[in-house]
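Notes for the structure review
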Amino acid sequence: MHKFDELDMRILSELTRDASISVPRLSKKLNINASVLYSRIKRLTKRNLVKKFTVIVNEGMLGINVKATVGINRDPKLKEPIHAELLKIPEVRSVSEVTGRFDMIVTVNAHTLEELHNVVIERVGKIEGIQNTETFVEMQRTEKEPVYTTK
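This write-up is about the structure you can find in this document. Quantities reported herein were computed from a predicted structural model and do not represent experimental measurements.

What counts, and where the lines are drawn
Residues numbered from 1 in each chain as written. Predicted model: local features only at pLDDT ≥ 70, side-chain atom pairs only at ≥ 80, totals over all residues. Heavy atoms only, no water. Helix = DSSP H or I, 4+ residues; strand = E, 2+ residues; numbered from the N terminus. Rg over C-alpha atoms; globule rule 2.2 N^0.38 Å. Buried < 20%, exposed > 50% of the residue type's maximum accessible area, 1.4 Å probe, protein only. Contact = heavy atoms within 4.5 Å. Areas by Shrake-Rupley, 256 points an atom, 1.4 Å probe, with all protein chains shown as cover. Lys, Arg positive; Asp, Glu negative; His and termini not counted. Charge placed at Lys NZ, Arg CZ, Asp CG, Glu CD. Core = buried A, V, L, I, M, F, W, Y, C linked by side-chain atoms within 4.5 Å. Pairing = 2+ DSSP bridges. Axes fitted to C-alpha atoms, helices over the stretch in contact; angles between N-to-C directions. Phe/Tyr/Trp six-rings, centres within 6.5 Å; stacked < 30°, edge-to-face > 60°. Patch = residues over 30% accessible without salt bridge, like charges linked within 9 Å, V, L, I, M, F, W, Y side chains within 5 Å. Salt bridge = Lys/Arg side-chain N within 4 Å of Asp/Glu carboxyl O.

The next point concerns the overall build of the chain. If you tally the helices and strands in the chain, you get five helices and four strands. Put simply, the chain runs from its N terminus to its C terminus through helices and strands in the order α-α-α-β-α-β-β-α-β. In terms of overall dimensions, the chain is more spread out than a globule: its C-alpha atoms have a radius of gyration of 20 Å, far above the 15 Å expected for 151 residues. In terms of overall dimensions, the chain has C-alpha extents of about 55 × 35 × 25 Å along its principal axes. Taking all 151 residues of the chain together, the buried fraction comes to 30%. Of all intrachain contacts in the chain linking residues separated by at least 6 positions in sequence, the fraction that spans at least 24 positions is 68%. Summed over all atoms, the accessible surface of the chain reaches about 10700 Å², with 53% contributed by carbon and sulfur. Both charge centroids of the chain, one from 25 positive and one from 20 negative side chains, sit 10 Å from each other.

With that out of the way, let us pick up the nonpolar core. Core analysis: the largest hydrophobic core is formed by 19 residues, its most contacted members being I72, L86, I89, V106, V108, L116 and V124. Those elements that place two or more of their residues in this core are β1 (66–74), α4 (79–87), β2 (92–97), β3 (104–110) and α5 (113–124). Dropping the residues within four chain positions of it, I89 is found in contact with V119, R123, V124 and I127. By size, the runner-up hydrophobic cluster in this structure holds 12 residues, among which are L15, I21, I41 and L44.

Time to look at the sheet that holds β2. The sheet built from four strands is open, its strands ordered β2-β3-β1-β4 with antiparallel pairing. The open sheet is flanked by β2 and β4 (130–137), the only strands paired with a single partner. Between one strand and the next, the sheet's axes are offset by a mean angle of 20°, whatever the strand orientation. Where α4 meets the sheet, it contacts β1, β2, β3 and β4, and its direction lies at approximately 160° from that of β2.

Attention now goes to the pairing of β1. Along a regular strand, successive side chains alternate from one face of the sheet to the other. Counting buried positions over the nine residues of β1 gives seven, a clear majority of the element. Bridge count between β1 and β4: seven bridges; the pairing is antiparallel. Looking across to β4, one finds that A68 is bridged to V137.

What follows deals with the packing of aromatic side chains. Where two aromatic rings form a pair, the distance of their centres and the angle of their planes describe that pair. For the structure on display, the rule yields one aromatic pair. Look at F102 and F136: their rings are 6.3 Å apart centre to centre, the planes differ by 80°, and that puts the pair in the edge-to-face class. Of the two residues, F102 sits in the loop between β2 and β3 while F136 sits in strand β4, which places them 34 residues apart along the sequence.

Taken together, the side chains of V55, V57 and L62 make up a nonpolar region of the molecular surface, amounting to roughly 310 Å² of accessible area. Along the chain, V55 turns up in the loop between α3 (34–46) and β1.

Structurally, the position occupied by T54 is in the loop between α3 and β1. C-alpha of T54 to C-alpha of D18: the two residues are 36 residues apart in sequence and 9.7 Å apart in space.

Rendered as structure tokens:
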């Protein structure tokens, strides 16, 4: 396991808040030399702690207003083909294998409840090996920024 120090955690926290911040601006904010900051970011990326720098899209502006979690029970012998078929559906955002009353949890985004219904019933529900589904529509979401610390 790699060792990461408090400065690494501060850098990580700041980049999580805004990955587009410039190195000079972040170096001033953290009160460290820009070349030190740049090399630290490169090291965090090389060690795969930072997997990628990305954009968070305001999906509401694109009309994607319905988010849901779908619990799925499936035939255990068809795990891989079901997983592959789920990933082909554009509205499916993630697929997780889980413990508990479901075998899989799938997140789905849609423009409308009608579109969500069609995705779950007509696309997900008709995949061979899916035994049953239960859909949980998100009513409200509150997200918080992660806080990273050293152990």
